[in-house]
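Here are the chains, one letter per residue:
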Amino acid sequence: MAVLLLTRSVTTHETVVALCAAAGVASDVCADPSLSLAAWGEADLVLVGADLAEEAVELAPPRRSGVHVVGPAPGDAVFRHAVALGAASVVALPEATSWLADALADVGERASPGRVVGVVGGSGGAGATTLACALAQWHAARGPTLLVDGDPLGPGVDRLLGLEGRGGVRWEGLAETAGRLGARALREGVPRDGALGVLTWAGVRRRLDVPTARRMLDAAVRGHELVVLDLARHGGPSLVELVDRCDDLLVVTPATVPGLAATARLVAHLGCAGRAGLVVRPGGVGDADAARVTGLPVVATLGEQRGLAASVDRGLGPLSARGPLARAARDLLDAA
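For the chain, the name recorded in an unreviewed UniProt entry is Septum site determining protein, with Nocardioides baculatus as its organism.

What follows is the structure, encoded as structure tokens:
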């Protein structure tokens, strides 16, 4: 089952079923809320008609995500019922038809949210952006992947991948919009090369705000198997927001005393000890000491890759068929 619609309203019924048909998703319409409880938790999306919202509240269905109240000209009582149901929103029809169409387009695209992997440098120049690009390139050969540039002061991941000339939406464009962001709209709107999409910056003056980052990530995980976040060490509130949303966090550091000292401070600041892994670049400190200083387990060691600068300058990205980056990307993404 894809969409469960509870309504006795002919208008709401016709509007929603037509939108479901246009989006290519199945719909099950029920005029008696008491008969819908078995399907309540199974549907990808539950739409409760404003005409039946009060009856639905009286049944006290279990809380779940993906519930919306829909109908024409909803009044104050409908909003109260929506809160009682734990609904994510109240959708006024026909005014919000386009919003609902986008939500329906996302239904069934993914059985479960995509995996989010964050990469951050424990110290300046550690190579976090290079690793983030390599992870995205490696997985894009296997499924839809989004590489997100979360560093306003970085070079731009599109430049490392040779995509700076591709058209598509950048961070600035997302910040100028409001409301729900569709998974398909994001996936098809960003600059991309095959299954690999990138979200980066258009101008020189850059700022990443938390609400935009939150909307982006909600849409990104619905439309991609893997989302790789290239995070800024000094990202402020947006860094904390994105780190908290990561399934896996990789902290890249050189195996040097200064590098590990800076990494230890970052780990303490983010409070990520116990839920992150250390990717170690060449240096004079051993893995055991690196883990002891930072409080993070070493999940990969990353040697120098020959021809890396030339590959990036030619617009090919950092990943080659063979080499330490490819091996690290494979091992890190296959580990979970």
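Continuing now.
*Asks:* Sorry if this is basic, but what is going on with helix H11 (residues 237–244) here?
*Replies:* An α-helical turn contains 3.6 residues, so a residue and the one three or four places further along point in the same direction. What H11 keeps buried is the set Ser-238, Leu-239, Glu-241, Leu-242 and Val-243. Buried residues along H11 sit in contact with helix H10 (210–223), strand E10 (226–231), strand E11 (248–254) and helix H12 (257–270).

*Asks:* Sorry, what's going on with unusual backbone geometry here?
*Replies:* Note on backbone geometry: most residues besides glycine have negative phi, and most peptide bonds are trans. The amide bond that connects Leu-93 to the next residue, Pro-94, takes the cis arrangement and shows omega of 10°. With respect to the helices and strands, Pro-94 occurs in the loop between strand E5 (89–92) and helix H5 (97–106). Despite not being glycine, Ala-60 has its phi angle at roughly 50°, a positive value. Among the residues examined, Ala-60 registers a relative accessible area of 58% and is labelled exposed.

*Asks:* Which parts of the structure should I look at to understand the packing of H10 against H11?
*Replies:* Packed helices, taken two at a time, are described by the angle their axes make and the gap between the axes. Following both chains from N to C, one finds H10 and H11 inclined at 20°, their axes separated by 9 Å at the closest point. Taken together, the axis directions place H10 and H11 in an arrangement best described as roughly parallel. Where H10 crosses over H11, the handedness of that crossing is right-handed. Between H10 and H11, the contacting residues are Val-210, Ala-213, Arg-214 and Leu-217 on the first element and Pro-237, Ser-238, Glu-241 and Leu-242 on the second.

About the criteria used
- Residues numbered from 1 in each chain as written.
- Predicted model: local features only at pLDDT ≥ 70, side-chain atom pairs only at ≥ 80, totals over all residues.
- Heavy atoms only, no water.
- Buried < 20%, exposed > 50% of the residue type's maximum accessible area, 1.4 Å probe, protein only.
- Helix = DSSP H or I, 4+ residues; strand = E, 2+ residues; numbered from the N terminus.
- Contact = heavy atoms within 4.5 Å.
- Axes fitted to C-alpha atoms, helices over the stretch in contact; angles between N-to-C directions.
- Parallel < 35°, antiparallel > 145°, perpendicular 65-115°, else oblique.
- Left-handed = near helix turned anticlockwise from the far one by under 90°.

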